[in-house]
Structure formats: structure tokens, C-alpha cells
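Okay, here's what each chain looks like letter by letter:
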Amino acid sequence: MAIHAQSSGIFCMFSIQTMLIISVSSPGTANLRFPQHYTMIHWAGRIEKELEKVLPQVTGVQQMKSIYNEKRSQFDVKRNSPKDLVERVARDIARLLNSKRKALERLAKEAEQIQTEYPWQDNIKESDIQYYDSKVDAEYVQYREVIFPLKPGSNFTEENLMANPQSISLEFVEDPNFKNKVNYSYTAVQIPTDIYKGSPTILNELNWTQALERVFIDNSREDPSLRWQAFGSATGVTRYYPATPWRTPYKIDLYDVRRRPWYIQGASSPKDMVIIVDVSGSVSGLTLKLMKTSVNEMLDTLSDDDYVNVVQFNEKADVVVSCFKTLVQANLRNKKIFKDKVMQMHAKGTTVYKSGFQFAFEQLLNDTTSAPRANCNKMIMMFTDGGEDRAEEVFEKYNWPNKTVRVFTFSVGQHNYDVAPLQWIACANKGYYFEIPSIGAIRINTQEYLDVLGRPMALAGNQAKQVQWTNVYQDALGLGLVITGTMPVFNLTADNDSKNQLILGVMGVDIALSEIQQLTPRYKLGANGYTFAIDPNGYVLLHPNLQPKIINFREPVTLDFLDAELADSNKEEIRRLMIDGKAGQRKVKTLVKAIDKRYIDEVLRTYIWTPVEGTDYSLGLVLPTYSEHHIRANLSDQILQVQLKDTTDFESLLPHTFESEGRVLIAPREYCKDLELSSNNTEFLLNFIALMEKVTPDSKQCDNFLLHNLILDTGIIRQLVEKVWKTKDLNTYGFLAVFAATDGGITRIFPNKAAETWEEDPEPFNATYYQRSLDNRGYIFRAPYRSPNTILQEQENDTIGILVSTAVEITVGSRTIRPAVVGVKLDLEAWTSKFKILASNQTDNTRQGSQMCTPTSGCEMDCDAHEDLLCYLIDDGGFLIMSNQINDWSKIGMFFSEVDSALMYALYNNSFYQRKLTFDYQSVCAPIHSSNTGAAPRGVFVPTIADFLNMAWWTSTAAWSLFQQMLYGFAYHSWFTTDEIEASDISESKEASCVRQQTQFYFGNVSSAYSIVQDCENCSRVIHAKRINNTNLLFVVAEKLPCSTCDVEKLFQEELEFIQEDPCLNMPQPRYRKGPSTCFDYNIAENTTDCGRGHSFRPSIRTLLLLQLLLLSLVAHPHILPFSL
């Protein structure tokens, strides 16, 4: 990195230092002086010389360069042309997506034709059809047993619970392409838990979609690389191929295809939505809870292409999130903020619809703001318990006659209000009226508005039949991270001599991200080169840092490019150009974070990008300067010798050579298709050796680039062992081990016993020491990390190893490459003794008493003889590497602020270190459970005073509402649990995704030696510090702080959960994005007469009495239930 020495003020500092040194005195040590600045520089020079003498000599870094030159005839140095690479990969990705597009178009066309020819059957019965119900499989039953524990002696079994006589029995075979057991001859069906399988609508859906099985199979035969093919129906039925048992968490299966990101994107155009919530005094108790949950479920139907705001109203209206003055993007962060604020709403005042609607229209129709919008479907969703007002004057002013804003109304809870006004409002504004009488109706009724939004799309016909590619998300069937190509399927049957405006569903074809990654030149780019791709929202679908740590099927994986890397102005501009579909190239100086998150390096990178034709994705490539070329070995003859077992190079891979030549680890790469991967590296090595005895030179089964480079590196390191490592006595030098790792994937640790404590990744490209050695000049020191909470277990003969590594740089002609890293493990105890001698008045060979400082000899203190003098080696991340203090032995590897917080702050405050606050948006945290204080049993509704006064409510609602809640309790085992009514409770995992923050430290712009004075309230001290040349070490010499405390900021490095109590503080500006280029929100032929009708079931008095008797009977005899009350 560029270093600029700061010399201003040094003379002043030295003067102050001299005065302080003269004044240092204490009883018994009157003649001991704090070392002068030049003394510290002398000590640092001795440390530098020792490292420069010993490290190259033992690692063999120079000899390894010579070995590469000797092997020059066995490899070529090829140029990595970034522009050619990125354009080629972009073409390959475009071809891959286009092949899936053809399968998708065929499926949609066939589905529409099949449905058109299908005769609807009113009297269809369950016994008339057979299909594979994916939930009947034993795997699913096993999950359900956790939810419904059975009483001893009960005859209610899991077979009764999941019985489906219409489901056929299938056999499955393991398929690594699907990471699952599958059946290639059948499709599978998944029906949401809250949908009745025996209804005529569902049975007809199952019947006509059965014919899709043939199309799925034909597609798979034509393109064997196809992954999941699925049809998501507007009725909630999912039919997918190939068949496999359904997967679900250890709680209720809430999967409904209509709420999946791929279905929502394919079924409607982007939305600008304002949700208005009635919080007047009449909305209380259960109704208010139902309303809150309904709003949160509504938010879950929105994607990152949508914009939303939530407004609460009574006599007045206002946003629920104070800083969301306009519509905001419906991303995960904003939806979470909305949900938290919605749950805090309170009911008071009187209902005035006009205030809510006027506020919403002004939000939607205000074009004067520069805030981004979806600029497509505009809609208002009103949740209320009812009222008489129709707010006609508001609609006349803002929405009539063009009706550019749809209005959907939701009557929530049990009440006796006239629903006609709510129906009229919806029908007069091209919307729909829904009723949510209980919690069981929330999920269905908050998602069916999508059918209305799909009308213009269906009427547009072929114009709307466009393939769209989704954000990245977790596949519900275990395929991992995927993207999905979607296409709407329309109902082409005539509707009373007019064109049908219904969407049948959405067809989807998955592509695993691993398929796309295989198209990228991962290993030719080196350890720090990589490809990435982003979508129009700026979210990455390819990036080495895209590694979500929690599986969440309900939400897409949305990691912004600027969050995947350390953002700066250059990257912001690159992101904007990529979203705009432009190609470009830029060389930038930027910060990168190490894999272990402890370090930050300033590096030079070339970014090059180009659009992916036929999609709205953009592909980028990042390349360090030293990776502009790569080695390509050509060892066909050597591989032939492997078969004949006539090569010492290959023999060095065999385990029987480990004792004499050191342990070998090979990177777990896919060298050959038939190579069996294993998490045990020794087993993987044996698998590799066995395969090498079978393959022919240049076998098409193998990746010859990977295979040849691996064998080349094997021979190079073997010669290094013979010429250097075996000739050295490591104990003499104070080393525990010596090692080497290469781009070809070979890691060798010598001696063999040192490999037992080797904790680095066998894939060099994933190892922190390897990546950082390539990015930094000289020797990189790293101690085993210890957090402040580490509990140390002292063991006899326990040794601590300090890892020291450096890159091997070779020049071939005018081309410079870094194909390997070598290093050692220092024995901390041995090198601490050596460090103390080097930073003292002693020499390695002379420890004469006349040179020792005593109370009468009058000399400077040093790091060996005087514990009152603090001497440290600290690395560039601020972690302690060595100390002359015995008490610091257990703190090696800790962030230095935990050792001496005042001293670390002084180093930071004087620019020896800089800090960078970073965030991890893919972390996992323990869930925070909300308090249940004051919560009534979920199944027992506590009415308000107004409810008691309303006799109509008491007679027509009590028993019916309780019965509905009892049914819900049957399904969710929640009859007498005391929780808030939140649908999310049902599927909450043991761990939750969260954001974690961490502060990394890295060297500042002070490169020369420097002396500083640290002033505390009651004392001060002098500090010398100097960078050790050709390393990442800072040498620090300081006095012990004379006073007990120093009131300075304590610096922290440990990763913590990021909790922001007020989300409106430091609200980030919306990032640049682009929505879909097409919009289907209006069609003159749309028929809006179907706009919803009240259909609440009002049971008779006789029915209510029977229900009350049934409830009393169940409570009195709970043993008849399939679960415990």
C-alpha cells in the first residue's frame, strides 16, 4: 500500500520525549533510563536482520524460484485477458439461460393447450384421480410427529394424520444433480396445509395438470442438465418434476407456492402499494391483532421490485415509520422495520376513511419527489373492522374517471358492521373486497389480490409471455442457491364470448448457482481473482462472498454488491454502470477483507464487466495485477509414468512417504468426473491416487488444466523438500514446521507430525495466509486467534505456533507471477526468548554481567532484563504476536486492546493504525423471543367492554370465533399456548438471520519510526514504535503506565450483532436500481365486475348451541384429542 511518512511535529515530539526521559525516576531505579529513540531503531534493525537471514534460509523461497526455472520446459505462462475472459463467460451464461428459456416456453405453451382441452368436472371425486402426494412420504411424517406427539395407547397414528389413499407409492434413487432422491417417471404434488385437497377446484387442477408429466419428462430427455421444473397454480397446487419427497422444517409446513418469490414475480408486474390501517378505538383486542398479522403477511407478498408504505389512520393519518415519508423499496430490511412498527400500533380515536385514503393517494400520485418507484401497478390496501363512510369525494378528486389506483378493502375480525360500503369502495376502484374473520383466513386472503393484478397481463396475451429471472433464493427441495426462470400461464378458454382474464399459474425452471459457477475460470484467476454477477437491483447472484449461513425458504437471498465487498466510490460507479447494462474496465485501489474477517488490506484490482445478452444480469471479473498471467502445465508424459509407477514426483504423494517428506494435502477440486470427493483429505488423496492409476493422458474425464498443474507442483515441492527442508534442523532455528502451498492445489507440511495441528484450509485459495501473502510484500505473521472470552486450558509441553508466510514471485521474460506461498511455524517460546535478546543490550552469544543494567551501572532499560519496559510485536490487524511480559503469554493472538487498551488507542490515535467498520449481512444470531407478559391464551379471546355491550356480538360471534380458533389450534398445536398471534411464530427457526458488525484495523500512513507521548489525567508515558521492514509487524516499546487508569476510548475488534434501536437513525440513502422494463397494469378490456362479495358464514342459533356443547365436551374430556391440552 502507498505509505506517506508524516514528519511534521517530530522535532517537537522528540523535545517533549527528552524532557520526560530526563524526569523519569523512582526509588531504587534512579540510574535506569527509558531507551532512546535511536536505541529502539537499533533493536528493530537487529530483528529485521535476523528475520531476513533465517526465514529465506529455512523456507527455501529462493531455491523454489530456481526449481521453477529448472522445470521451465514443463509449463507455459499464459496471459489472462480480462476482457476476453469476461465476454466468453457472459456468452456461456447467456447460452445456458437460453437453453432453459426454450424448456420454459415449451412448458407454458403445452400447459395452456392442455387446460384449454380439459373438460371441467363438477362431480369429480378424490377416488377418480391418483397422484404422488409428496407430503405422504415417511420423511415428512417424521417431521409431523414432532408437532403432533401421541399419547400412549392412542389409536390416532401418523398414518391417520397423513393418509391419502389417492397417493401412489414411488421408489427413489439418489441423484447428485438434485442433491436428493428422485423418481424420473413421475411428478410430485405439494398442496398447502390450509387448502382442502378434496374440493372440486383442487381435484380438477390435479386432473388436468397430470398431463404436464409427459412434457416435463420430454424436456428432461432433451436437456438432461435441467434441474427442477415446476408449475405453480393460482389455486396453490404445485406440481414438480422429478418427483421427490417434500421437505419441511420441524414445524408446520407453511409453504404456499403463491407466496414464493418466483411465483410472485411471474404472476404480476411490479407494484407501488400503500397499506392503510384503521387504528380507531373500535379496533381492539383480537381484531387489532388480526389486523397487525394481516398487514405483515401482506408485506411478505412483496418483492424487491415493489415499493410500499404503511399508514395508520383514525381522524388523522400518518406513516407508521416516521422516516419513511414516501414509498420505499420492499426489501428485507425495510419490511422488517415495517413489521416491527406495525406490531407497536395502538387503537384510539374514531374512524375517518377520508383521512386514510387522501394520505394514500397523495403518497401514490405525488410525482414531485425524486424518490424511486416501481411506476407500474398502483394500489391501496385498506384494513378496517368496518364503517359507513364511502369517501366518495376523495375518489372523485384523485382516482376517477381513469381509476389509475386500485383499491382493495379488507374487513377484519368478527363484527356486525354493514360491509356494503367496503364492497362498494373496492368495486368502484377496480379492486377487490376480502373478509378476514379469523387468523386462519389471513394467508389466503392477503395473497389473492395477485389474481386481480394479473388480469391486464392475461389480457395482453403473448406480449406478456416473457421469461423473467429471479433473485437468488434457497431452493425448498435442497438444491441450494438457485435462480428461477419464470413465465406466466394464461387461461385461454373463452369467458362468455370474451377473452379470459385469469392467470392459471406460473411455470418455473431452476438453475443452480453451481451450474453457473462451473462456467467461470476459477483456478486460472488465482486465489484473489474472481467473477461476480449482479441483477438490476444490484444484488449479487455470483460472488465468492455470497455465503448465506442460514437456510430461509421464505425470503430471497439479497446481498448487494456494495455489501459483498467494502464499498467505495469506484465500486458505486461500477455497480451503476453494470445495472445500466454497459460494459467497461477500471483499475482501482480498494480495501479487501480477509476470509477470517480479522484483517483488511489495501490492494490494486482490475474490474471489468459486460452485460449478459438476453437477460438483465451483468457479469464482472476482478483480477489482481500479479494474476494477469497463470501457469499451464503440460505433463502428458509424466501422467503416463504415473500409470507405470515410475516417477518419484508422484510417489511423493503416497502416504508411506509422509514420515520422511512431510504430509501432503491436495485441494478438494474436481480434477476428474469420477473422482470421489471426501471431507477427509487423506481419504480424498487415496481416491485421487487410485484414479490416477486408471486415467489415460489427456483423458476427457478429467480437467487437464487442474490435473497437470497439480502434478507439476507435486514435483516442484518434492525437490524443495529434498534440497532445502531435509537439510535443516528446524529446532535449531526455533521452528515447529515449514510448509508450502501452490496455485495447483498442493500443500505440504514438514515434518509429518506438524500436520496434526495444521488448521489451515487444504484449499489454498480459501486460506487467509495464502490470499494475504499474495497481496502483501514480505513475510506475513499471524498468531492463532484468541477472543477475550477464550478459556485457556494450560497443558504441559503445549506449544503455540506463529504462522509466517510469503509469496514466491517468479519472472518469466517480462511476465511476473506468484504461483506459490512458503512459510514456517515459529515456536513462540523459542522466538520470544530470541526477540527479547534482539531487543536488548545483549547479543546472542554474549550475556556478560557488565552489560546488564543495574541500579548503579547507569544504562538504558531493555526488553530482556527489565519487565518494567513493555516490548511488543503487533501485526497489521492489531493482534499481539510477541511480548516480553510473562503475563502476556496467554494473550498471544488477542486484539491488542485487550492487552493494553490505552497503548492501542495511542497507536491508533497517532495514525499507526486506521480502522474500518464493516458489516456482515449473512450472519446467524440466536432468535430474540418477544415477551409474553400480558398475553392471553391464543385460543381464548378476551373481549373489550364494547364487546360485552354488544349483545349481537355475544350471540352471533362467541362460539363461532372460538370454534374457528379451536380448528386453528388443531392444526398448529396452540390451543392454550400464551403467544402473540403472529404467523411467523409458526415457522421461526432456532436461529435467525441478522446483521453483525465488526471493526477491522490496518496499518495507517506512518512508515518510519515514531515517538509519541501519551497523556492521561494524572500521568504520561513515552512510546516508541517502528514498522519492521519486509513484514506486517509493528515493534512497540513503551513505559508501563504510572497511573492505574487512562480515560481513553477502548477499541474493539470482536464481531457483534448490529442492533439499531431506532431504524431512522443513520438511514442509508436508497441505492441505484432498475425495475423491469415492461409493465402490465392496464387493459381496456378488463372486466372489473368481479370485485368480491361478503361471504361470512353466519351460523344459526342451533348451530351455535351445538358448537358450545362441543367445546365444553372437548375441554372436559381432553383425552379424545390427538394431542395434549
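For the structure, check the block above.
Caption draft 1: Region of the structure containing the packing of helix H10 (residues 285-299) against helix H11 (residues 332-342). Contact geometry for H10 and H11: axes closest at 10 Å, N-to-C directions at 175°. On the basis of their axis angle, the class for H10 and H11 is roughly antiparallel. Mapping the contact onto sequence places Lys292, Val295, Asn296 and Leu299 in H10 and Lys335, Phe338, Lys339 and Val342 in H11. Here the residues of the contact of H10 with H11 sort into four nonpolar, one polar and three charged.

Caption draft 2: Representation of the state of the cysteines in the model. Enumeration according to the criterion identifies eight disulfides in this entry. Through a disulfide, cysteine 925 is tied to cysteine 994; the S-S separation comes to 1.8 Å. Where cysteine 925 bonds to cysteine 994 through sulfur, the torsion about that S-S bond is close to 60°, and the disulfide is right-handed. With cysteine 925 in strand E32 (residues 913-925) and cysteine 994 in strand E33 (residues 992-1003), this pair connects stretches of sequence that are 69 residues apart. In this pair, the class of cysteine 925 matches that of cysteine 994, namely buried.

Caption draft 3: Looking closely at the pairing of strand E31 (residues 880-883). Pairing of strand E30 (residues 869-875) with E31, which is carried by three bridges, proceeds in the antiparallel orientation. Residue pairing across strands places isoleucine 874 opposite leucine 880, the latter belonging to E31. Between E30 and E31, which pair antiparallel one after the other, the connecting turn spans four residues, and glycine 878 there sits at a positive phi close to 90°.

Caption draft 4: View of the sheet that holds strand E37 (residues 1056-1057). What the three strands build is an open sheet, ordered E32-E33-E37; its pairing is antiparallel. Of all strands in the sheet, those with a lone pairing partner are E32 and E37, marking the two edges. Helix H28 (residues 901-909) rests against E32 and E33 of the sheet, and its axis sits at about 110° to E32.

Caption draft 5: Fine view of a negative patch on the surface. Judged by side-chain charge, Asp389, Glu392, Glu393 and Glu396 come together as a negatively charged surface patch. Tracing the backbone through its elements, the reader meets glutamate 392 in helix H13 (residues 392-398). A relative accessible area of 37% places glutamate 392 in the partly exposed class.

Caption draft 6: Region of the structure containing the environment of proline 176. Turning to its location among the elements, proline 176 is positioned in the loop between strand E2 (173-175) and strand E3 (180-182). In this structure the C-alpha to C-alpha distance between proline 176 and leucine 479, which are 303 residues apart in sequence, comes to 9.4 Å.

Caption draft 7: Layout of the pattern of salt bridges. As enumerated under the stated definition, the model contains 43 salt bridges in all. In this structure, glutamate 515 and arginine 227 form a salt bridge, with 3.8 Å as the shortest nitrogen-oxygen distance. Placement of the pair is glutamate 515 in helix H17 (residues 513-517) and arginine 227 in the loop between helix H8 (212-222) and strand E5 (229-233), with a sequence separation of 288 residues. Each member of the pair, glutamate 515 as well as arginine 227, is classed as buried. Ionic pairing is found between lysine 597 and aspartate 920, a salt bridge with its closest N-O pair at 2.6 Å. One end of the pair, lysine 597, is in the loop between strand E20 (584-593) and strand E21 (600-611); the other, aspartate 920, is in strand E32, with 323 residues separating them in the sequence. Each member of the pair, lysine 597 as well as aspartate 920, is classed as buried. Taken together, the salt bridges that share partners define one network made up of Asp560, Asp563, Arg575 and Arg1071.

Caption draft 8: Geometry of the sheet that holds strand E35 (residues 1020-1028). Reading across from one edge, E31-E30-E36-E35-E34 is the order of the five strands in this open sheet, with antiparallel pairing throughout. Every other strand in the sheet has two partners, leaving E31 and strand E34 (1010-1015) as the edge strands with one partner each. The average angle at which neighbouring strand axes cross in this sheet is 25°, direction not considered. The pairing of E34 with E35 spans six bridges and is classified as antiparallel. For glutamine 1014, the partnering residue across the bridge sits in E35 and is arginine 1021. Contacts from helix H27 (residues 828-838) reach E30, E31 and strand E36 (1033-1039), with the element oriented near 60° to E31.

Caption draft 9: View of the environment of asparagine 545. Positionally, asparagine 545 belongs in the loop between strand E19 (540-542) and helix H18 (561-564). A sequence separation of 375 residues divides asparagine 545 from aspartate 920, and the C-alpha atoms of the two residues are 9.9 Å apart. Setting aside residues up to four positions removed in sequence, asparagine 545 forms contacts with Leu559, Ala564 and Gln922.

Caption draft 10: Here's a closer look at helix H24 (residues 704-723). With 20 residues, H24 extends 29 Å between its outermost C-alpha atoms, agreeing within 8% with the 28 Å of an ideal straight helix rising 1.5 Å per residue. Along H24, 17 of the 20 residues are buried, which leaves the element largely enclosed by surrounding structure. Its side-chain oxygen placed 3.1 Å from the backbone nitrogen of phenylalanine 705, aspartate 703 serves as the N-cap of H24.

Quick notes on the rules
- Residues numbered from 1 in each chain as written.
- Predicted model: local features only at pLDDT ≥ 70, side-chain atom pairs only at ≥ 80, totals over all residues.
- Heavy atoms only, no water.
- Axes fitted to C-alpha atoms, helices over the stretch in contact; angles between N-to-C directions.
- Helix = DSSP H or I, 4+ residues; strand = E, 2+ residues; numbered from the N terminus.
- Parallel < 35°, antiparallel > 145°, perpendicular 65-115°, else oblique.
- Contact = heavy atoms within 4.5 Å.
- Nonpolar A, V, L, I, M, F, W, Y, C, P; charged D, E, K, R; others polar.
- Disulfide = S-S within 2.5 Å.
- Buried < 20%, exposed > 50% of the residue type's maximum accessible area, 1.4 Å probe, protein only.
- Pairing = 2+ DSSP bridges.
- Patch = residues over 30% accessible without salt bridge, like charges linked within 9 Å, V, L, I, M, F, W, Y side chains within 5 Å.
- Areas by Shrake-Rupley, 256 points an atom, 1.4 Å probe, with all protein chains shown as cover.
- Salt bridge = Lys/Arg side-chain N within 4 Å of Asp/Glu carboxyl O.
- Lys, Arg positive; Asp, Glu negative; His and termini not counted.
- Charge placed at Lys NZ, Arg CZ, Asp CG, Glu CD.
- Expected span 1.5 Å × (residues − 1).
- Polar contact = N/O pair within 3.5 Å; in protein donor to acceptor, adjacent residues only side chain to side chain.

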